[in-house]
Amino acid sequence: MAEPDEENIQKQIDEIEAVSSIYEENWTVVDEAARIFCIGIVDQEPKWTISLQVTLPPEYPTAAPPVYQLNAPWLRGHERAALSNDLEEIYLHNSGECLLFLWVQKIQEFLQLKARSNGAAQHGDKGTDEAKAEHRASSISIHSPSRHVSLSEAHCQSTDDEDLPTMVHGDPLTDRRSTFQAHLAPVVTLKQVKMHLQKLYQNKKIAGATHNIYAYRIYCEDKRTFIQDCEDDGETAAGGRMLHLMQILDVRNVMVVVSRWYGGIQLGPDRFKHINNCARNLLIEEGYNEPAGEVSKMPVKRKNPKNKKGK
C-alpha cells in the first residue's frame, strides 16, 4: 500500500488533470513545484469575477485543506466572510476528499446570486415567487436521477409544434477500450431537450451506453436569464463539469450529450478529460465558440455539414 504522502500526491495529480482540462484558459500554474494554482471564475458579466488561488499542501486531501486566497477588488466585508465560510463548510463536510471542483462550483453559484441581486437592484425588485423560480431554473444541478427524462416545467417563450432541429454526432474517441461520443443539438425550449433525448435513446446502441451525460443551456431573452441543467447518469459530477465547460465557452441555446461505453479498464480522471474534450470539439466544430453578436449562438452553416450517426 502506498505511503500517505504518495497517495496525496497521486490524488493531487489526478485532480489537477481533471480540473485543468475543464477550465483550460482560466487555469494558471503559478508555481508547480510549490503546488500553487489559480482558477479564474467568471459569471455572465465579466464585472463579477473571482480569482481563486490555491496552494496544495503535502497533507491534502487526506488530512488538510488547500490554502486558498480569494482575489476580487469588489469582494470585501461580509460578502468575503460569507463566501469564505461557505468554502470552509464544504471542507468540513468533505474532509479527506478533493475539493477544488466543489469550491469552484460554490464560487460560481455565489457569482450568479451576486449578478442576480445586482440586476434586481438596478431594475427594481422582482416578485419573490418569480425570483425563486428563476433561481431554480438557472441553478446548476449535479445529481444522478433515472435516465428517464424528467425536466422542470420552467420555460422560455414557447415554440410548440415546431420542427425538431437536427442532432449532429461527433467522432468517437476510444481509450483503453472505453469509447466516448458527443451528440449536439440546438434547443430553445425544455420541450426540445426532452424530445431530443427521447429521440436519441431510440438508438439502441446509445441507449445501452454505460453513461449518457448531458447538459444544456437555454437563454430566455424576455427574462434575460439562463435555464440550464445537467445529468451525470452515474458518472459522478461529469454533467456538472460539462455544464461548467459550456459556461466557460459562453454557449447558449444548445444541448450536448456524451455517451460512454465502458471497456472494462478504469481510466481515472482521464474519463472526465475525454468527456469534456468530446463536448468541446463538437461545440467548436459546430461554431458555438464564435463571438455572440446576437442573443442566440446558433451553428455556423457549412457547405458540407457533418452528421455522423451514432455507432
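Thresholds applied
Residues numbered from 1 in each chain as written. Predicted model: local features only at pLDDT ≥ 70, side-chain atom pairs only at ≥ 80, totals over all residues. Heavy atoms only, no water. Pairing = 2+ DSSP bridges. Helix = DSSP H or I, 4+ residues; strand = E, 2+ residues; numbered from the N terminus. Axes fitted to C-alpha atoms, helices over the stretch in contact; angles between N-to-C directions. Core = buried A, V, L, I, M, F, W, Y, C linked by side-chain atoms within 4.5 Å. Buried < 20%, exposed > 50% of the residue type's maximum accessible area, 1.4 Å probe, protein only. Contact = heavy atoms within 4.5 Å. Phe/Tyr/Trp six-rings, centres within 6.5 Å; stacked < 30°, edge-to-face > 60°.

## Examining the sheet that holds strand E4 (residues 67-71)
Note on sheets: strands pair through backbone hydrogen bonds, and any given pair is parallel or antiparallel.
Logical step 1: Spatial ordering of the open sheet is given by E1-E2-E3-E4, a layout of 4 strands whose pairing is antiparallel. Since the sheet does not close on itself, it has two edges, and those belong to strand E1 (27-31) and E4, each with one partner. Pairs of neighbouring strands in the sheet enclose a mean axial angle of 20 degrees, with direction left out of account.
Logical step 2: With 4 bridges joining them, E1 and strand E2 (residues 36-42) adopt antiparallel strand pairing. Bridge pairing in E2 places Thr28 opposite Cys38.

## With respect to the nonpolar core
Logical step 1: One finds Ile50 and Ile107 to be the most contacted residues of the largest nonpolar core, which totals 32 residues.
Logical step 2: Elements with a contribution of two residues or more to this core: helix H1 (4-23), E2, strand E3 (49-55), helix H2 (77-93) and helix H3 (100-123).
Logical step 3: At 8 residues, the largest contribution of residues to this core is made by H3.
Logical step 4: In contact with Ile107, other than residues within four places in its own chain, are Ile41, Ile50, Leu52, Leu70, Leu83 and Leu87.
Logical step 5: Membership of the second largest hydrophobic core comes to 25 residues, among which are Ile213, Cys230, Ala238 and Leu282.

## Considerations on the packing of aromatic side chains
Logical step 1: Taken as a whole, this structure holds 5 aromatic pairs when the rule is applied.
Logical step 2: Note on Trp27 and Phe37: the rings are 5.2 Å apart at their centroids and 25 degrees apart in plane angle, and the pair reads as stacked. Residue Trp27 is located in strand E1, and its partner Phe37 is located in strand E2; the two are separated by 10 residues in the primary sequence.
Logical step 3: For Trp27, a relative accessible area of 12% translates into the label buried.
Logical step 4: Classification of Phe37 by relative accessible area gives buried; the value is 2%.
Logical step 5: Their ring planes at 85 degrees and their centres at 5.0 Å tell us that Trp48 and Trp74 sit as a pair that is edge-to-face.

## So, the pairing of strand E7 (residues 178-186)
Logical step 1: The buried count for E7 comes to 9 of 9 residues, which makes it a mostly enclosed element.
Logical step 2: Residues Ser178, Phe180, Ala182, Leu184 and Pro186 line one face of E7 and the alternating positions Thr179, Gln181, His183 and Ala185 line the opposite face, and both faces are buried.
Logical step 3: Strand direction decides the pairing type here: strand E5 (residues 168-169) and E7, joined by 2 bridges, are antiparallel. Opposite His169, over in E7, you have His183 as the bridge partner.
Logical step 4: Here 8 bridges tie E7 to strand E10 (residues 254-261), and the two strands are oriented antiparallel to one another. Its bridge partner lying in E10, Thr179 is registered against Trp261.

## A short note on unusual backbone geometry
Logical step 1: The step from Tyr60 to Pro61 runs through a cis peptide bond, and the omega angle for that step is 10 degrees.
Logical step 2: If you trace the backbone, Pro61 turns up in the loop between E3 and E4.
Logical step 3: In this structure, Asp233 is a non-glycine residue whose phi angle is positive, near 50 degrees.
Logical step 4: Tracing the chain through its elements places Asp233 in the loop between strand E9 (225-231) and helix H7 (238-249).
Logical step 5: The exposure class of Asp233 is buried, given its relative accessible area of 11%.

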